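# A structural walkthrough
Here is what each chain is made of, one letter per residue.
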Amino acid sequence: MAKLILVRIGIVLIGLVVIGLGRGLFFYRGFYSPPPGEMPSYESFTVPTAPTSEFTDNHTQGEGIILIDLAHKNDFEGKELNVLLLRLVSRGLTIKYFDAKDDLKKELLAKVEEPPDGQVKVKPAAEELKPADAFIVVSPSLEFSKEEIKTVEEFVKGGGKVLFIADPTRSSQVNSLAIRFGLIFESDYLYNMKENEINYRNIFVSDFKENDITKELKKIALYTAGSISSDNASIAFVDQNTFSSVIESGRKLAPLALAQESKVLALYDLTFITEPYNSILDNNRLISNIADWLIPPAKKAKP
Amino acid sequence: MVVPGYIDSLLNLFLCYIMWGNSYLYRIILTRLEFTMRLLRRWFTSIPFFAVLGLALGAVIAIPLIPQPKIVTISISDVLLDQTYVDDILKALTQAREDNNIKAVVLEIDSPGGYVVTTEQIYLEVLRLRQKKPVVASVKMMAASGGYYIAVAANYIYAQPTSEMGSVGARSGLPEPEKLNETSLTSGLFKATGGSKRKAIAELEMIRQEFVSAVMSQRGSRLKIPEEELSQAKLYLGIEGLRYGLIDAIGTRTDAIKKAAELAGIRNYGVSGLYISQPIPFFLFGSADWAKLKAQTGTMPVYYYLYIESE
């Protein structure tokens with residue numbers, strides 16, 4: 001009797017299992033095995049920053065007038081030149097500003113326009129007639145006129161110096177004047193995905209041509225710099241891992257150039273001159289070299 | 001007479017029927033009853049009966065115990081800037097993880113990304129889900145930046161030949177220096193800005209590293225482009241994505257569902273969608289709106305895994 005009951009229970013259980021199995025096989029054909037969990041090691045994410053350098057600005061004294069262009073809707077703020085201007089002033093140089101109502105010929109060449117016939121000629125004071133020794137042009141938004149270009153060319157021929165500063169992040173018509181001296185600021189920016197100063201647009205430069213601007217420089221950092229094309233006037237070159245956003249030819253790219261027998265200097269980054277970027281690596285040294293270069297040679301005091 | 005005799009028989013029959021005594025009808029009914037009882041006794045003690053019982057009980061128990069497996073689709077579309085929308089996505093992912101009837105999930109992605117934080121919330125939740133059930137991503141028009149970040153958390157990624165994906169990187173407006181005045185003070189140098197501009201740039205770089213690492217660790221050996229190229233944040237078409245290992249196959253939602261079923265080891269499954277509230281439509285975020293987003297930065301930086309045209 002007991003055996004009979006067991007058999008009957010067994011049969012019921014088999015029926016149960018058959019249905020369960022059947023339903024299972026109807027819906028399932030395998031199991032999911034999750035892949036191994038791969039997570040990045042977050043604590044390993046660090047960002048090396050270029051060291052700031054202690055810098056003492058040892059300089060010679062001189063005298064001269066530095067004219068800063070404000071007449072071409074220049075795209076910069078006055079405070080962005082503070083570091084450079086302080087170096088110039090500490091060297092005994094005088095800073096003057098040129099705006100739209102001024103006469104460029106008068107400022108650069110000490111030439112005064114003859115008044116039209118019948119008008120009284122007013123002789124300017126001797127002080128006002130001193131020509132500038134250097135002309136600084138920063139990110140002009142307006143083109144230079146033919147007259148102005150002629151004036152600046154004459155100025156450089158006569159021994160004056162011109163410093164062009166542009167920046168890929170600013171609007172600029174600097175080529176309207178720079179091209180007269182064999183310099184073209186390309187419409188690009190330089191980048192390095194491998195080795196950079198925190199961001200791919202902040203590049204290092206350590207390949208320099210020996211001259212007054214690059215003396216004692218080992219490595220500088222530029223912050224969204226562009227490339228300047230010239231005929232053999234480049235004085236600083238990027239490395240093989242730094243590329244132009246536009247130029248693909250593979251030629252050596254240069255953000256700094258010195259043309260016209262070292263009388264015209266072109267820089268294609270404004271940021272490195274400003275705080276706190278001036279104190280990264282040898283940037284301060286470069287700024288001081290530029291300030292020294294701007295002192296008219298005849299008026300340099302002996303150290 | 002014949003008629004009285006016939007009536008007499010009927011009466012007898014009627015009386016027998018009423019009395020239930022040793023009448024002929026009673027004996028017939030009883031005999032029939034006894035026969036039925038014998039038959040039933042034979043059936044209910046026989047093996048086929050218990051077999052049928054077992055099968056019936058099996059059906060009753062198995063149906064609720066082994067329900068039809070389900071694959072659910074979760075749609076992740078448009079910009080991930082609305083926290084309410086992101087919370088809904090997270091709830092749907094949690095529900096999918098906890099519901100034992102759901103055996104696999106298909107993420108339908110059509111998004112250019114959003115805030116770094118909201119993207120990461122979804123990414124980590126998908127990873128958690130993936131530990132329990134397979135997740136297959138199906139890229140519709142776009143899985144760029146944060147949209148792609150979420151996709152790489154899936155076991156498998158499908159896209160159409162001209163779907164757009166990639167843009168591996170982050171963006172941010174940089175903090176502006178605090179404007180000082182005499183009527184408002186903070187207790188610390190970076191209370192208003194969160195840090196210097198250089199710190200914000202450094203953070204952006206760490207966020208980039210995090211995104212690139214996530215892609216490289218999740219795609220593993222399937223990825224066929226170096227980290228440096230990935231960091232350029234290019235946008236790729238589906239066919240390029242396949243070539244470079246950014247996705248696994250060209251296909252649509254249908255293929256993604258089939259793949260999810262294959263990974264889960266299920267068949268004859270049901271498919272349904274988990275409802276999520278509608279996000280703010282992306283067409284409202286045209287190219288001009290990076291300016292709006294940037295304007296939200298104020299003095300503190302805000303980081304985005306977002307593909308959006310610059311001003």
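What you see as residue numbers is a count from 1 along each chain, following the sequence as written. By the order in which they are written, chains take letters starting at A while ligands take numbers starting at 1. Totals for whole chains, interfaces and linings use every residue, but because this is a predicted model, local features are given only for residues with pLDDT of at least 70 and side-chain atom pairs only at 80 or more, for both listing and counting. No hydrogens and no water enter the side-chain calculation; it runs on all heavy atoms of the structure.

This part takes up the interface of chain A and chain B. How big an interface is tends to be expressed through the accessible area that disappears when the partners come together. Every residue pair with non-hydrogen atoms within 4.5 Å of one another is taken to be in contact. Across the boundary between the two partners, chain A contributes 40 residues, which contact 50 residues of chain B. By convention, the term buried area covers the 1.4 Å-probe accessible surface removed from two parts as they join, with the contributions of both added. Summed over both sides, the interface of chain A with chain B buries roughly 3,900 Å², with 64% coming from carbon and sulfur. Among the residues of chain A in contact with chain B, Phe27, Arg29 and Tyr32 of chain A are the three that bury the most area, contributing 17% of the side total. Counted as salt bridges are all cases of a side-chain nitrogen of Lys or Arg within 4 Å of a carboxyl oxygen of Asp or Glu. The interface formed by chain A and chain B contains two salt bridges.

At the junction of Glu275 of chain A and Pro276 of chain A, the peptide bond is cis and its omega measures out at -5 degrees in the coordinates. Helix and strand definitions here come from DSSP, where helices need a minimum of 4 consecutive H or I residues and strands a minimum of 2 consecutive E residues; each element is numbered from the N-terminal end. As for its position among the elements, Pro276 of chain A is in the loop between β14 (264–267) and α6 (283–294). Phi is positive for Ser139 of chain A, close to 40 degrees, though the residue is something other than glycine. Looking at the secondary structure, you find Ser139 of chain A in the loop between β3 (134–138) and α4 (146–157). According to the relative accessible area criterion, Ser139 of chain A is buried, its value standing at 0%. Here the phi dihedral of Ser167 of chain B falls at roughly 55 degrees; this positive angle occurs in a residue that is not glycine. Note on exposure labels: buried denotes an accessible area under 20% of the residue type's maximum, exposed denotes more than 50%, and partly exposed covers the range between, all computed with a 1.4 Å probe on protein chains only.

Together, Met1, Leu4, Ile5, Ile9 and Leu13 of chain A make up an exposed nonpolar region whose accessible area comes to about 510 Å². Tracing the sequence through the fold places Leu13 of chain A in helix α1 (residues 2–27). Any residue with relative accessible area above 30% and no salt bridge may belong to a patch, with like charges joined within 9 Å and the nonpolar Val, Leu, Ile, Met, Phe, Trp and Tyr side chains within 5 Å. Only the protein chains shown count as cover for residues, and all accessible areas are computed by the Shrake-Rupley method using a 1.4 Å probe.

On to the side chain of Ser229 of chain A, then. Residues and elements named next belong to chain A. Following the sequence through the fold, Ser229 ends up in strand β10 (residues 228–230). By relative accessible area, which is 13% here, Ser229 ends up buried. Whenever two N or O atoms come within 3.5 Å, that pair is a polar contact, provided that in protein one can donate a hydrogen and the other can accept it, and provided that, for residues adjacent in sequence, both atoms are side-chain atoms. Separated by 2.5 Å, the side chains of Ser229 and Glu186 make a polar contact. When neighbours within four sequence positions are excluded, Ser229 is seen to be in contact with Gly182, Leu183, Ile184, Glu186 and Arg251.

Residues and elements named next belong to chain A. Ordered by their spatial adjacency, eight strands build an open sheet running β2-β1-β3-β4-β14-β13-β11-β8, and the pairing between neighbours is mixed. At either end of the open sheet lies a strand with only one pairing partner, and these are β2 (93–98) and β8 (207–208). A pair of strands is considered paired only if DSSP assigns at least 2 bridges between the two. Bridge count between strand β1 (residues 64–69) and β3: three bridges; the pairing is parallel. Bridging from a neighbouring strand, Ile66 pairs with Ala134 of β3. Comment: axis = line fitted to C-alpha atoms, over the contacting stretch for helices; angle = value between 0 and 180 degrees taken between N-to-C directions. Strand contacts of helix α2 (residues 82–90): β1, β2, β3 and β4 (161–165), with the helix running at about 135 degrees to β2, the strand carrying the most contacts. Each of β3, β4 and β14 touches α4; the most contacted strand, β4, lies at about 125 degrees to it.

These values are about where atoms sit, not about what they do.
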